[in-house]
Amino acid sequence: MTPLLEARAIVKEYRSRRSWLRREPPVLRAVDGVDLELDRSETLALVGESGSGKTTLARCLLRLVEPTAGELRFAGRDLLALAPAALRAERRRFQMVFQDPQSSLNPRLRIGPMLAEPVRVHRLRSADALPARVEELLAQVGLPPAAARQYPHEFSGGQRQRIGIARALATEPDLLVADEPVSALDVSVRAQIVNLLVDLQRRHGLALLFIGHDLAVVEHLADRVAVMYRGRIVEEAPVRALFATPRHPYPRALLAAVPRPEPGRRRPPPVEPAGERAGREGETRKEFGWAACAYRWRCPRASERCEVEAPRLAPVGNGHRTACFHPEEIRGEGGRNFSPEDA
Amino acid sequence: MSALAVEALTVAFPGPAGPVEVVRGASLRLERGEMVGLVGESGSGKSLTALAILGLLPPTARATSGRVLLDGRDLLGLPERELRLVRGGAIGLVFQEPLSALNPVLTAGRQLAEALRAHRRLGRRECAAAARELLDLVGLPERAAASYPHQLSGGQRQRVLLTLALASRPAFLLADEPTTALDVTVQAQILDLLAALRVRLRLGVLLVTHDLAVVAECCERAYVMYAGQIVEEGPVPALFGSPGHPYTAGLLAALPRLGRPAGRGTLPVVPGQVADPRHLPPGCAFHPRCPQAANRCREELPATVELGPGHRCRCFFPGPGGSGG
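Residues numbered from 1 in each chain as written. Chains lettered and ligands numbered in written order. Predicted model: local features only at pLDDT ≥ 70, side-chain atom pairs only at ≥ 80, totals over all residues.

(A) Layout of the interface of chain B and chain A. Contact residues are listed per partner, giving 45 residues for chain B and 46 residues for chain A. The set of elements that each furnish at least two residues to the side of chain B that touches chain A consists of α6 (154-166), α7 (184-201), α8 (212-218), α9 (236-241) and α10 (246-254) of chain B. The dominant element in the side of chain B that touches chain A, judged by the number of residues it contributes, is α7 of chain B, at 7 residues. A breakdown of the residues in the side of chain B that touches chain A according to their chemical character gives 24 nonpolar, 14 polar and 7 charged. (Contact = placed C-beta atoms within 7 Å. Helix = DSSP H or I, 4+ residues; strand = E, 2+ residues; numbered from the N terminus. Nonpolar A, V, L, I, M, F, W, Y, C, P; charged D, E, K, R; others polar.)

Structural data, given as structure tokens:
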């Protein structure tokens with residue numbers, strides 16, 4: 001069976017403006033040759049630090065920004081070849097939930113018309129069936145029918161995110177892309193939204209691309225995880241494998257750095273990112289697309305080879321792929337710092 | 001023994017229907033050399049409590065009652081001129097967003113020199129030496145002084161901000177969400193740096209955060225705020241091991257944790273929405289979300305009860321029974 005979404009060698013470059021100071025404007029490769037597949041009913045999480053290119057990649061996958069290069073297929077159709085009208089029609093099948101429900105909802109629109117609009121535009125219901133559909137959508141995200149008559153500012157952050165999710169569901173999509181949907185929410189409300197996403201994903205058989213930096217949330221809801229660093233996927237694996245035995249040094253460092261709500265637990269000392277300490281951050285930022293491993297400045301295992309050649313994402317067994325010349329060996333049970341027993 | 005104490009502090013904003021109290025009788029205490037957490041969600045009043053200590057409340061907000069005592073001296077009534085000596089003097093402050101807290105058109109070194117001259121009246125040469133020492137203290141190379149804020153990474157900026165806060169050799173440091181805008185790997189370094197500074201300079205650090213995991217890792221004591229009140233306080237092991245207030249228990253249960261057994265069960269939740277200070281429910285502000293709320297909770301504000309050494313909570317029915325019902 002073909003995957004629902006198939007991306008090959010996606011590249012997105014941004015060019016700074018030309019100025020009299022520099023003739024050749026520098027090129028920033030925000031996404032640097034990413035391959036990705038997503039099956040129906042599957043949840044794939046995309047993690048990485050800010051600036052790693054996860055949001056840009058997600059936007060490329062939905063053609064919200066045009067990739068500079070690469071191939072993109074959605075349900076077997078070449079998405080990049082679609083004309084604007086055909087793309088708009090196809091958009092019904094993939095929808096996005098944004099991080100900040102405050103800025104992504106029109107403040108002047110009541111919730112009812114807001115949810116009815118995509119249904120009407122895509123002609124999914126007749127005009128007289130719209131109110132019933134709005135009520136149904138609200139119920140799906142746990143809001144009362146009366147919410148339809150209210151404005152976004154009358155709701156709390158968690159409720160607004162529910163509205164954002166309802167709006168995405170309005171077109172009955174096959175794929176939902178959620179970009180940090182819980183990061184802006186209060187801790188006590190976060191779990192509610194995570195539960196809602198898991199529940200909807202199961203009930204509707206949705207494919208879910210979840211972008212997040214909270215690794216505990218990712219472990220909770222993902223089937224598969226892809227870790228991005230400086231525009232490239234450095235590791236991709238089923239969730240259990242990635243969290244128990246990360247092979248690439250970057251996810252290892254990420255996992256080790258997560259603080260845990262367990263007093264008395266000693267976090268292993270942070271892997272000193274050489275760039276951070278030596279003020280090299282600025283230099284490494286320019287290196288997107290270079291023929292070298294982007295992580296080598298921070299890597300405790302970097303060798304000469306990492307300086308001259310970019311490691312490619314390659315299988316290391318059990319559906320686990322890693323882009324490293326010196327991946328961590330798996331020794332017995334679990335990883336060093338974060339075996340399940342450790343928690 | 002040098003100490004910073006907040007006693008029964010109330011902060012209010014004017015509202016169309018009378019003053020809106022966003023901090024309601026909060027008391028806390030910070031001693032030199034300890035790191036104490038102040039945890040709460042948005043609107044809980046945790047940041048305003050920290051700002052009130054330094055007289056930095058937004059223009060419309062007012063501390064309507066209570067005291068802020070620094071070594072026995074009340075800071076709340078101090079004239080601005082004297083307050084400025086305390087601010088960045090005995091008490092340093094670092095913010096969440098170092099990019100907006102730094103001046104974008106001055107190099108890190110210039111800003112540091114300014115702080116040093118203002119608080120320590122150093123000459124040019126002494127100033128340069130002190131700046132070098134401070135940069136080294138926070139783990140920045142000397143050449144960082146020549147950089148403008150935009151040339152530095154998020155972690156480096158936060159380190160620069162720390163040098164400014166430490167320039168006056170303060171006894172206390174108020175850190176308002178100092179790592180929230182940072183990535184986890186950088187957060188880990190900044191937290192380790194704070195822990196090291198605290199020991200080395202015998203700093204009393206008040207860590208204002210929404211992140212319970214950060215508190216578990218760094219603090220020995222913590223205060224939990226909800227709707228402007230401190231609902232629970234205690235040593236971190238007791239607070240996390242046997243939370244007394246159902247809000248603390250609910251927050252802890254709702255945290256997804258790494259290494260939990262497989263399977264996407266449903267996460268336990270704290271039902272409902274965070275209380276809105278403009279429409280606080282009568283009685284205990286948490287009762288609409290509380291799994292064990294009784295009639296009494298809807299009518300009467302619970303008093304603070306002692307649960308153990310230093311472990312107090314504001315609830316009629318405290319105890320491990322509150323763990324999410």
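(B) View of the sheet that holds strand β5 (residues 73-74) of chain B. Residues and elements named next belong to chain B. Pairing is antiparallel across the open sheet formed by 4 strands, whose spatial order is β2-β1-β4-β5. Lying at the two open borders of the sheet, with one neighbouring strand each, are β2 (20-31) and β5. With 7 bridges joining them, strand β1 (residues 3-13) and strand β4 (residues 62-70) adopt antiparallel strand pairing. Residue pairing for β4: Val 11 is matched across the bridge by Ala 63. (Pairing = 2+ DSSP bridges.)

(C) Summary view of the packing of helix α4 (residues 111-121) of chain A against helix α5 (residues 130-140) of chain A. Residue and element names in this part refer to chain A. At a closest axis distance of 9 Å, the pairing of α4 and α5 adopts a crossing angle of 110°. It follows that α4 is roughly perpendicular to α5 by the angle criterion. In the packing of α4 onto α5, the handedness of the crossing is right-handed. On α5, the residues touching Gly 112, Leu 115, Ala 116, Val 119 and Arg 120 of α4 are Leu 130, Arg 133, Val 134 and Leu 137. In terms of residue class, the contact of α4 with α5 is made up of 6 nonpolar, 1 polar and 2 charged. (Axes fitted to C-alpha atoms, helices over the stretch in contact; angles between N-to-C directions. Parallel < 35°, antiparallel > 145°, perpendicular 65-115°, else oblique. Left-handed = near helix turned anticlockwise from the far one by under 90°.)

(D) Expanded view of the confidence of the model for chain B. Residue and element names in this part refer to chain B. Of the residues in chain B, 96% reach a pLDDT of 70 or more, and the chain-wide mean stands at 90. Considering only residues more than four positions removed or in separate chains, one finds that residues 321-325, a stretch of pLDDT under 50, has 15 contacts. Interface predicted TM-score (ipTM) for the complex: 0.84; the corresponding pTM is 0.87. (pLDDT = per-residue confidence, 0-100.)

(E) Inspection of helix α1 (residues 54-61) of chain A at higher detail. For α1 of chain A, a buried count of 7 out of 8 residues is recorded, marking the element as mostly surrounded by other parts of the structure. Trailing α1 of chain A by a residue or two, Arg 63 of chain A shows a phi angle of about 55°, which is positive. (Buried ≥ 20, exposed ≤ 12 C-beta atoms within 10 Å, placed from the backbone.)

(F) Here's a closer look at the sheet that holds strand β8 (residues 207-211) of chain A. Residue and element names in this part refer to chain A. Ordered by their spatial adjacency, 8 strands build an open sheet running β6-β7-β8-β3-β9-β10-β12-β11, and the pairing between neighbours is mixed. A single partner strand is all that each edge strand has here, and the edge strands are β6 (94-97) and β11 (314-315). Looking at chain direction, β6 and strand β7 (residues 175-179) are connected through 4 bridges and run parallel. For Gln 95, the partnering residue across the bridge sits in β7 and is Leu 176. Seen against the sheet, α1 touches β3 (43-47), β7, β8 and β9 (224-229) and runs at an angle of roughly 150° to β8.

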